[in-house]
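As a plain string of letters, each chain reads:
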Amino acid sequence: MSFSIESIAQLDHSKEFAQLHQKFHQFNPLKVLRVDQFEIRHSNVLAWLLDPSENHQLGNFFIKKVVSRLVTRQENEDKLAEIDFLTYMHASFSDIEVYREVKTHANRYIDIVVVVPSQKMVLVIENKFHASESMGQLNDYLEYAKRVYKDFKVIPIFLTLRSDAPTHPEYWVLDYNDLMDIILLHIELNREIMSESIFDFLMHYTAILKEELVQDEEAIQLAQDVYQTNKAAVDFLYLSQHDEFRKQPRYRDIYNWIDGLLIVQQNALKRIYAKKKQTIDYIFKIGSSVLHEAFLSFVQLEDLPIEVYKAHAQVPNFILPEWLDYTETIGEPEQGYWRGHGLIIWFERTWNERLKISIEVGPVPYENRLKLLHALEFQGISIRPTAKLEGKKYTKIYTETLSIIDWANKQEVVTGMETLYHDEDLKGTLRKIAKAVEKIENKLEQEVLEERKISERTSEQFPPNPFVKFAEIQGIDPSLYRIGNKNASFLMSEFRELEKKFGVTREKWWWHDSTFTYWFERLRDDRLKLTLELGPLQADQRIKLINQLEEMGIAFAAQSKLPTSRYTRLFSKPVFIEDWNDEEELYREMVRLFGEDKNQELLEIIKSM
């Protein structure tokens, strides 16, 4: 017992434990009322928000946004034909009736029922804040609603923390992230006219939701640190109040120890735990996560380099190393998206105790995203039509689960990860992704060739004087440039020097057959564009040169390193010209384009080779 007391005292003295405890115990009156801990109280708040006649000052804003969010969620797309969304959007919902704990004929209770007589619509909301479904529950609720509201359109909703899928196919999916976003949007739009009491309440409530939904990386790291150095104390305190782990062999000794305590000692443990319950629960949940440990074993087995994965406690995620080469083709996603790449794979533990693997296309620039989705669809991957709309950001293209019998068994979880990762359907999806990206890359190269052909066919004369002035200022010898009808191409002397090391091109290229080339050109829309391109060197020399440039920090697409590849653009940027007869404007823009930071960085790297 002396060891237990000492270890608990050490935990209480831990600076990291104190910091984490402080995070969870910032004053929030709703926590004082235990709103955060009981599903029924979240249902009370939700019912209040859904009723336009209540005193929250939102009017029908919340109910309308809930309906619109139901329609825009990808999981609900196959149900859109069932409702007249536009009619609902123009409805006032002034006659809305909201009911709590509605008793069914089977003596079960529906969390929330929303009736809109003027629209002949009923929302049946099953709220699962932490709990899971009960057998036959969803079917019972739906049958009851259809029987009672015979002439109404019944929309059953399965509301969960993180978009868990309902077992009943007719239920629409909604999660607490959706509700939090709606509340925060209302606050943002109406802060100046909101009463302080309503504002404070909504801010306190969204703070509770953020604790559940938003991954606080600092809190996760603190929890892992505390658990690593105070495992004995955390396990002892947590397990002393949770008997559900008694069947797990790894905790047998601790439970034997707890059972041997005197009643007065057990009561003391209960009081200590009660004071720090939320913090201890969080540390145990994060620190003892076998998913995290299993994932670390998985990445070792698969020999994944550290830069392509993150061993997150709840959603460990990774990308394939070869996907790093796709950035040039599919673009970079919005800041903060997973691994900073437009594609992502992750594992998670589902609400019904299954292991799940998912692959998703993320929020890359819309034009790139649309090309990728079309290319994936061409390869046979099913893409919902709404996923291609501008403004859509996330599209899951693969998901699979398998059952885990014992989540305390690390090896079983590792085996599950290996099984899901090496599944033939997943391998097929990865092949389709590679083919889709290759198709985009081939099309881009073809567009370059077509653009060049169009450029050569156009009749507008490229103004020579501004370029000659540019060449003189930059110290470019006349033997290193040519001025054509539509463009002015030029070399840097270093490009010629590189011919000694890497040779000349394997086919006729421009007028010089050198390693790289620059050119200014006049586009059909009257823009001036500067391009830097690597030419069609002999395959082995071209790959050798690319490898050296990659070592120096220049990224290349995988397609560029194929033996059949010919041209690779390293820099390209256009600028609109107001008056092509204004030679001073042309000269200034040439200097500005050539002086772009990215171009100068590339040029300095090439010169240093």
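Quick caveat: nothing in here was measured; it's all calculated off a predicted structure.

A.B. asks: I'd like a rundown of the environment of Ala232, residues and numbers included.
C.D. replies: The residue Ala232 is located in helix H11 (residues 231-239) in this model. Between the C-alpha atoms of Ala232 and Ile8, which are 224 residues apart in sequence, the distance is 8.3 Å.

A.B. asks: Before we move on, could you go through the packing of aromatic side chains and cite the residues and values that matter?
C.D. replies: Under the counting rule described, the total for this entry stands at 34 aromatic pairs. Taken together, a centroid distance of 6.3 Å and an interplanar angle of 70° make the contact between Phe462 and Trp580 edge-to-face. You can see Phe462 sitting in the loop between helix H19 (424-457) and helix H20 (464-474) and its partner Trp580 sitting in the loop between strand E15 (568-576) and helix H23 (583-594), a full 118 residues away along the chain. Across the pair, exposure class does not vary: Phe462 and Trp580 are buried alike. Ring centres of Phe470 and Phe594 lie 5.4 Å apart, and the angle between their planes is 85°; this geometry places the pair in the edge-to-face category. In this pair, Phe470 sits in helix H20 while Phe594 sits in helix H23, placing the two residues 124 residues apart along the sequence. Neither residue differs from the other here; Phe470 and Phe594 are each classed as buried. Taken together, the aromatic side chains of Phe467, Phe470, Tyr481, Phe490, Phe495, Phe516, Tyr518, Phe520 and Phe594 make up a single cluster linked through ring pairs. Residue placement shows Lys469 over the ring face of Tyr587; its charged tip is 4.3 Å from the ring centre. Above the ring of Trp511, the side-chain terminus of Arg482 is found at 4.3 Å from the ring centroid.

A.B. asks: Please set out the side chain of Thr531 residue by residue, giving values where relevant.
C.D. replies: Looking at where Thr531 falls in the secondary structure, it is placed in strand E14 (residues 527-534). Non-local contacts of Thr531, meaning those with residues more than four positions away in its chain, are made with Thr517, Tyr518, Trp519, Glu521, Arg569, Phe571 and Ser572.

A.B. asks: Any details on the nonpolar core? Residues and values, ideally.
C.D. replies: Residues Phe318 and Trp323 are the most contacted members of the largest nonpolar core, which totals 50 residues. Setting aside residues up to four positions removed in sequence, Phe318 forms contacts with Phe295, Phe298, Leu304, Val308, Tyr309, Ile344, Ile345, Phe347 and Tyr421. Phe61, Ile63, Ile157 and Phe199 belong to the second largest nonpolar core, which has 44 residues in total.

A.B. asks: I'd like a rundown of a negative patch on the surface, residues and numbers included.
C.D. replies: A cluster of acidic side chains, namely Glu578, Asp579, Asp582 and Glu583, defines a negative patch on the protein surface. By secondary structure assignment, the location of Asp579 is in the loop between E15 and H23. Assessed through its relative accessible area of 35%, Asp579 is described here as partly exposed.

Cut-offs and rules
Residues numbered from 1 in each chain as written. Predicted model: local features only at pLDDT ≥ 70, side-chain atom pairs only at ≥ 80, totals over all residues. Heavy atoms only, no water. Helix = DSSP H or I, 4+ residues; strand = E, 2+ residues; numbered from the N terminus. Phe/Tyr/Trp six-rings, centres within 6.5 Å; stacked < 30°, edge-to-face > 60°. Buried < 20%, exposed > 50% of the residue type's maximum accessible area, 1.4 Å probe, protein only. Lys NZ or Arg CZ within 6 Å of the ring centre and 35° of its normal. Contact = heavy atoms within 4.5 Å. Core = buried A, V, L, I, M, F, W, Y, C linked by side-chain atoms within 4.5 Å. Patch = residues over 30% accessible without salt bridge, like charges linked within 9 Å, V, L, I, M, F, W, Y side chains within 5 Å. Areas by Shrake-Rupley, 256 points an atom, 1.4 Å probe, with all protein chains shown as cover. Salt bridge = Lys/Arg side-chain N within 4 Å of Asp/Glu carboxyl O. Lys, Arg positive; Asp, Glu negative; His and termini not counted. Charge placed at Lys NZ, Arg CZ, Asp CG, Glu CD.

That's the geometry; what it means functionally is another story.
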